[in-house]
Amino acid sequence: VQLQASGGGLVQAGGSLKLSCAVSGRTVSGYAMAWFRQAPAEEREFVATIRRRTDTTYYADSVKGRFTISRDNAKNTVYLRMNSLKPEDTAIYYCAASPSYYNGNYYSRNDYAYWGQGTLVTVSS
């Protein structure tokens, strides 16, 4: 499975961006997909996930109500719509894929076997 993230950029606080993660090699519907982010000098942290089979979504508390994860099976792509962006959302955003049906570790990096290269989001104040 290969993942290609795109859509990052520079945006003012309060603005919006939509990230895309194109999946190749397998169909996106066969995986739980997630977005993580890593700010400078910080650990990579969970942002959002959409689980396989049920499409149940989970979000980090810090983005709940502002970010929306979705998938388009026809385009084999996962999206992260980010609204009301804040300077603290500045980070490199990574998409990840997991073949697991188990939802208990959805927030853990260890649950995801495949990673994209990351796309930089910068939010100015």
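You'll find the structure just up there.
Computed from a predicted model, the values in this text were never measured in an experiment. (Residues numbered from 1 in each chain as written. Predicted model: local features only at pLDDT ≥ 70, side-chain atom pairs only at ≥ 80, totals over all residues. Heavy atoms only, no water.)

Caption draft 1: Quick peek at the packing of aromatic side chains. Using the criterion set out here, one finds eight aromatic pairs in the structure. Geometrically, the ring pair formed by Tyr-58 and Tyr-106 is stacked, given 4.1 Å between the ring centres and 15° between the ring planes. Here Tyr-106 lies in the loop between β9 (91–98) and β10 (114–115) and Tyr-58 lies in strand β6 (residues 57–59), a separation of 48 residues in the sequence. Here the aromatic residues Phe-36, Phe-46, Tyr-58, Tyr-106, Tyr-107, Tyr-112 and Trp-115 are joined through ring pairs into a cluster of three or more. Over the ring of Tyr-79 we find Lys-18, and its NZ or CZ is 4.4 Å from the ring centre. A cation over an aromatic ring shows up here: Arg-44 above the ring of Tyr-94, its NZ or CZ 3.7 Å from the ring centre. (Phe/Tyr/Trp six-rings, centres within 6.5 Å; stacked < 30°, edge-to-face > 60°. Helix = DSSP H or I, 4+ residues; strand = E, 2+ residues; numbered from the N terminus. Lys NZ or Arg CZ within 6 Å of the ring centre and 35° of its normal.)

Caption draft 2: Geometry of the state of the cysteines. Taken as a whole and assessed by the stated rule, the structure comprises one disulfide. With a sulfur-sulfur separation of 2.2 Å, Cys-21 is cross-linked through a disulfide to Cys-95. On the S-S bond that ties Cys-21 to Cys-95, the torsion sits near 65°, and the link is right-handed. In this pair, Cys-21 sits in strand β3 (residues 17–24) while Cys-95 sits in strand β9, placing the two residues 74 residues apart along the sequence. The burial state of Cys-21 is the same as that of Cys-95; both residues are buried. (Disulfide = S-S within 2.5 Å. Buried < 20%, exposed > 50% of the residue type's maximum accessible area, 1.4 Å probe, protein only.)

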